[in-house]
Each structure stands twice: as C-alpha cells, then as structure tokens.
Amino acid sequence: MPRQPRRRSYDQHCAAARALDLVGDRWTLLVVRELLAGPRRYTDLHADLPGVSTDMLAGRLKDMEGAELVTRRRLPPPASAYVYELTPRGRDLLPVLRTLAAWGAPELGEPRPTDAVRAHWYAVPLLGVLAELGAGVVQVTLDEGAFHVRIGGDGSVSHGDGGVDAPDVRLRTDSSTCRALAVGELTLDEAVESGRATLERAAAVVARA
C-alpha cells in the first residue's frame, strides 16, 4: 500500500487534479528534472536547485517517496552514500517535462542577472532536436558545463549531466543558441552553418563558420 503524500488534495475527481496532488507543489517538478538525468545525492540536488531551502527539499523528497515517484538507496562501498532516483512512475514524467519545456521556452530570452544557469537544464528542451542526429550518444558542451543525450535506435531518448567517454557526436554551442534551437528559430544545420555551433562526428569535424 503506497504511502500518501503529506500535501492537501484538491479533492476533485479529475485526472489533472490528481496529477497536481502529486506534482503540483513548488519545486517538485524541478526535482524530477534533476533526477531524470540520473541518481543524485541530496547535496548534489541541493546544489543544482538554487533557491530551495534544505527543509523544503527534504520535505519534497519525503512527499515524492510517499507518492512512489522517488526512491532512496545506499550506494555500495567505498561510496557508502545515499542517492535519490526516480521510480518508473517518476520517469514517466519525462514527456510532461518535455511538453512543459516546449511551452515555456519562448519565455526564456537572455538570462537575467539573477538567473542561475546549469548546462544540463537545456537537455530536456533539446531532446527532440538532438534525436534527429540518429542513434548514439551526443555530448553537448556549453560555457556552463556539459551534458549528454543517449538516442536509441527506436528514437527513444535519455540524458545525463556531464560528459562521457568517446561520444558518437560532440556538439559545442552556447545557451543563446540552445534557446533558439528549442523554440525552432534555428535548426541544428543552420546553427552549424552560421558558426554558432560546431558538430563533430567521431574524428570528422563538421563546422562551417
């Protein structure tokens, strides 16, 4: 019998209301965003969710465990640390985040002085664009860091924070170009042709500045 989250219910027999009972609280979907990139320690989650208090994050994670969206497990030695990771039910929220990111991308503009920026935050908005490169692993590098996307032969996509060894494709660009790609103002070919991105497949560099 799953534990119930602590938040109050909307008490409406409506699928959207039930969903918001589980993920409608402030920070919950952003925790999902972080864990879609893979298991994370509490300290790593807190570092990549600037603005959330430790009490708030701990409460959200407890609620998400109760709703069976997140599990907590201990890594084997020598790490001996606890990590949080999404359950299959939690991972099912990827299409929700993709749709929400597509809807919100036109609001980005240039980063405000108060905006935190993390490279992997651009992963979800770019999954569809990067899937067009075909099956394999794509590493995307920005000034703010790197993330990688795994594209299956069936078109399925997943992503992770940081780089990987020997990716099939290396893409170097910037946050402004990521935004343009996400909202459809620019295609990947146009970004490469204009010099706003460099694309390297194996040992061959495709970059027409």
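Our structure is the block above this text.
These numbers were taken from a predicted model, which means no experiment stands behind them.

### Quick look at the overall build of the protein chain
Part 1: A count of helical and extended segments in the protein chain gives 9 helices and 8 strands.
Part 2: Taking 209 residues into account, the globule formula puts the C-alpha radius of gyration at 17 Å, and the protein chain, at 18 Å, falls close to it.
Part 3: Over its C-alpha atoms, taken along the principal directions, the protein chain stretches across nearly 55 × 45 × 40 Å.
Part 4: Long-range contacts, defined as pairs at least 24 residues apart, comprise 51% of the intrachain contacts of the protein chain with a sequence gap of at least 6.

### Section: helix α1 (residues 15-23)
Part 1: Within α1, the full set of buried residues consists of Ala 17, Asp 21 and Val 23.
Part 2: Where the residues of α1 are buried, they touch α2 (28-35).

### Details of the nonpolar core
As a rule of thumb, soluble globular proteins bury nonpolar side chains together.
Part 1: Within the largest apolar cluster, 48 residues are counted, with the highest numbers of intra-cluster contacts made by Leu 130 and Phe 147.
Part 2: By residue number, the principal contributor to this core is helix α7 (residues 123-131), which donates 6 residues.
Part 3: The residues touching Leu 130, leaving out its near neighbours within four places in the chain, are Val 138, Val 140, Phe 147, Val 149, Ile 151 and Leu 171.

### Re unusual backbone geometry
Part 1: The omega torsion of the bond from Pro 77 to Pro 78 falls at 10°, within 30 degrees of zero and hence cis.
Part 2: By the element assignment, Pro 78 lies in the loop between β1 (70-74) and β2 (82-86).
Part 3: Even without glycine at this site, Trp 27 takes up a positive phi of about 85°.
Part 4: Relative to the helices and strands, Trp 27 is located in the loop between α1 and α2.
Part 5: Even without being glycine, Glu 68 reaches a positive phi, approximately 60°.
Part 6: Note that Glu 68 resides in the loop between α4 (54-66) and β1.
Part 7: Look at Glu 68 and you get partly exposed, because its relative accessible area is 44%.

### With respect to the packing of aromatic side chains
Part 1: Enumeration according to the criterion identifies 0 aromatic pairs in this entry.
Part 2: Cation over ring: Arg 72 sits above Tyr 82, and NZ or CZ is 3.8 Å from the ring centre.

### Topic: the pairing of strand β5 (residues 157-161)
Part 1: In this sheet, β5 lies alongside strand β4 (residues 145-151) in antiparallel orientation, the contact comprising 5 bridges. Following the sheet pairing, Phe 147 is matched in β5 by Asp 161.
Part 2: From the end of β4 to the start of β5, which pair antiparallel, there are 5 residues, and Gly 155 there has a positive phi angle of about 90°.

### Let's talk about the packing of helix α6 (residues 94-104) against α7
Part 1: As a packed pair, α6 and α7 sit with axes 8 Å apart at the nearest point and diverge in direction by 95°. By the angle between their axes, α6 is roughly perpendicular relative to α7. Contact residues: α6 offers Leu 94, Leu 97, Arg 98 and Ala 101, while α7 offers Val 124, Pro 125, Leu 127 and Gly 128.
Part 2: When grouped by side-chain class, the residues that make up the contact of α6 with α7 number 6 nonpolar, 1 polar and 1 charged.

### A few points about the pattern of salt bridges
Part 1: For the structure shown, the criterion picks out 10 salt bridges.
Part 2: Residue Arg 40 pairs with Glu 34 through a salt bridge whose shortest N-O separation is 3.0 Å.
Part 3: The exposure class of Arg 40 is buried, given its relative accessible area of 9%.
Part 4: Where Asp 115 meets Arg 112, a salt bridge forms, and the shortest distance between an N and an O atom there is 3.1 Å.
Part 5: We classify Arg 112 as exposed; its relative accessible area is 56%.
Part 6: One continuous salt-bridge network, built from bridges that share partners, spans Arg 33, Glu 34, Arg 40, Asp 48 and Arg 118.

Each value, and the rule that gives it
Residues numbered from 1 in each chain as written. Predicted model: local features only at pLDDT ≥ 70, side-chain atom pairs only at ≥ 80, totals over all residues. Heavy atoms only, no water. Helix = DSSP H or I, 4+ residues; strand = E, 2+ residues; numbered from the N terminus. Rg over C-alpha atoms; globule rule 2.2 N^0.38 Å. Contact = heavy atoms within 4.5 Å. Buried < 20%, exposed > 50% of the residue type's maximum accessible area, 1.4 Å probe, protein only. Core = buried A, V, L, I, M, F, W, Y, C linked by side-chain atoms within 4.5 Å. Phe/Tyr/Trp six-rings, centres within 6.5 Å; stacked < 30°, edge-to-face > 60°. Lys NZ or Arg CZ within 6 Å of the ring centre and 35° of its normal. Pairing = 2+ DSSP bridges. Axes fitted to C-alpha atoms, helices over the stretch in contact; angles between N-to-C directions. Parallel < 35°, antiparallel > 145°, perpendicular 65-115°, else oblique. Nonpolar A, V, L, I, M, F, W, Y, C, P; charged D, E, K, R; others polar. Salt bridge = Lys/Arg side-chain N within 4 Å of Asp/Glu carboxyl O.

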